[in-house]
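These are the residues of each chain, in order.
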Amino acid sequence: MRIARFSVNDEVDYGVVEGEPGAEEVAPVTGHPFAPFTFTGYRYPLGEVRLLAPVLPSKVVAIGKNYAEHATEMGTAPPEQPLIFLKPSTAVVGPDEQIRMPSSSERVDFEGELAVVMGRLCKDVPAARALDAVLGYTCANDVTARDQQAADGQWTRSKGYDTFCPLGPWLETQLDPADLAITTTVNGEVRQRARTAQLIHDVRQLVAYISGVMTLLPGDVILTGTPAGVGPLTDGDVVSVTIEGIGTLTNVAVPRA
Ligand code: MG
């Protein structure tokens, strides 16, 4: 099931996206998708609503160097334990929103990633039960001011600018995350191509590890790491992250006003 958060007629709702490509409709639900919901009975053509970031997380927990080839391109060995860092909730934007590149950075990179959205409050979840706590999956772009990441020695500034965490286009709830194709394009040119089977620490391990550190709340997001092929964005670049079984998240990079 595809669950979207969207606005229409100045209202924000959650809804289920149904139908064939090109003819999808959104069926709004009452309440939110973290509990049993019912349909309102309305339906909107997908093209008549504005898709928003599918969740408003209390926190985004991201993983560094979780594909071996990306660790190599960063000039380091992959960490033995997951390397976790936080992106602020205020970095989240939705599909088709602008990535605003700050003038303080000489190099802002895209990082296409599989995002995991938690469905329930959890702490100390064993890996064997980790997927039970997941509501669904979406596409993410872990936008990074690469020069500031190197200069600062920690990543809060470089990963934390407003608009540096596009999410979308919706959550897919019925998906096995074990081996999905992930592709990032810039202006239509393929820049990253991998499969989630190449994750060093898989989704189960990540949920178990992170929930052993901090309580995860419904709607919290885990970014699972980016494959090799990261690179800089320039003014007007159109960057798309496509994940098999989910869809495509597209954003345009522009200088911050
Ligand atoms: Mg990343």
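This one's a predicted model, so the numbers in the text were calculated from it and none came from an experiment. (Residues numbered from 1 in each chain as written. Predicted model: local features only at pLDDT ≥ 70, side-chain atom pairs only at ≥ 80, totals over all residues. Heavy atoms only, no water.)

This part is about the overall build of the chain. Across its full length, the chain carries four helices and 20 strands. In terms of overall dimensions, the chain has C-alpha extents of about 55 × 45 × 30 Å along its principal axes. Of all 257 residues assigned to the chain, the portion counted as buried reaches 54%. Restricting to contacts in the chain with at least 6 residues of sequence separation, those with at least 24 account for 70%. Summing over all exposed atoms, the chain offers an accessible surface of approximately 11100 Å²; the carbon and sulfur share of this is 51%. Positive and negative charge centroids in the chain, built from 20 and 32 side chains respectively, lie 5 Å apart. (Helix = DSSP H or I, 4+ residues; strand = E, 2+ residues; numbered from the N terminus. Buried < 20%, exposed > 50% of the residue type's maximum accessible area, 1.4 Å probe, protein only. Contact = heavy atoms within 4.5 Å. Areas by Shrake-Rupley, 256 points an atom, 1.4 Å probe, with all protein chains shown as cover. Lys, Arg positive; Asp, Glu negative; His and termini not counted. Charge placed at Lys NZ, Arg CZ, Asp CG, Glu CD.)

Bringing the environment of glutamate 113 into the picture now. Along the chain, the position of glutamate 113 falls in strand β11 (residues 112-118). Apart from the residues within four sequence positions on either side, glutamate 113 is in contact with Thr138, Cys139, Ala140, Asp142, Ile182, Leu223, Thr224, Gly225, Thr226, Val241 and Ile243. In terms of polar contacts, glutamate 113 uses its side chain to reach the backbone amide nitrogen of glycine 225, at 2.9 Å. (Polar contact = N/O pair within 3.5 Å; in protein donor to acceptor, adjacent residues only side chain to side chain.)

Turning our attention to the domain arrangement of the chain. In terms of domains, the chain is made up of domain 1 (2-51) and domain 2 (60-255). Between domain 1 and domain 2, the C-alpha centre-to-centre distance is 25 Å. Listed per partner, the contact involves ten residues of domain 1 and twelve residues of domain 2. Both faces considered, domain 1 and domain 2 share a buried interface measuring about 870 Å² in area, 69% of it formed by carbon and sulfur atoms. Counting across the domain 1 and domain 2 interface gives zero salt bridges. Tallying contributions element by element places strand β1 (residues 2-8) first for the side of domain 1 that touches domain 2, with three residues. Class assignment for the residues of the side of domain 1 that touches domain 2 results in seven nonpolar, no polar and three charged. (Domains from an automatic or database assignment. Buried area = accessible area lost by both parts, 1.4 Å probe. Salt bridge = Lys/Arg side-chain N within 4 Å of Asp/Glu carboxyl O. Nonpolar A, V, L, I, M, F, W, Y, C, P; charged D, E, K, R; others polar.)

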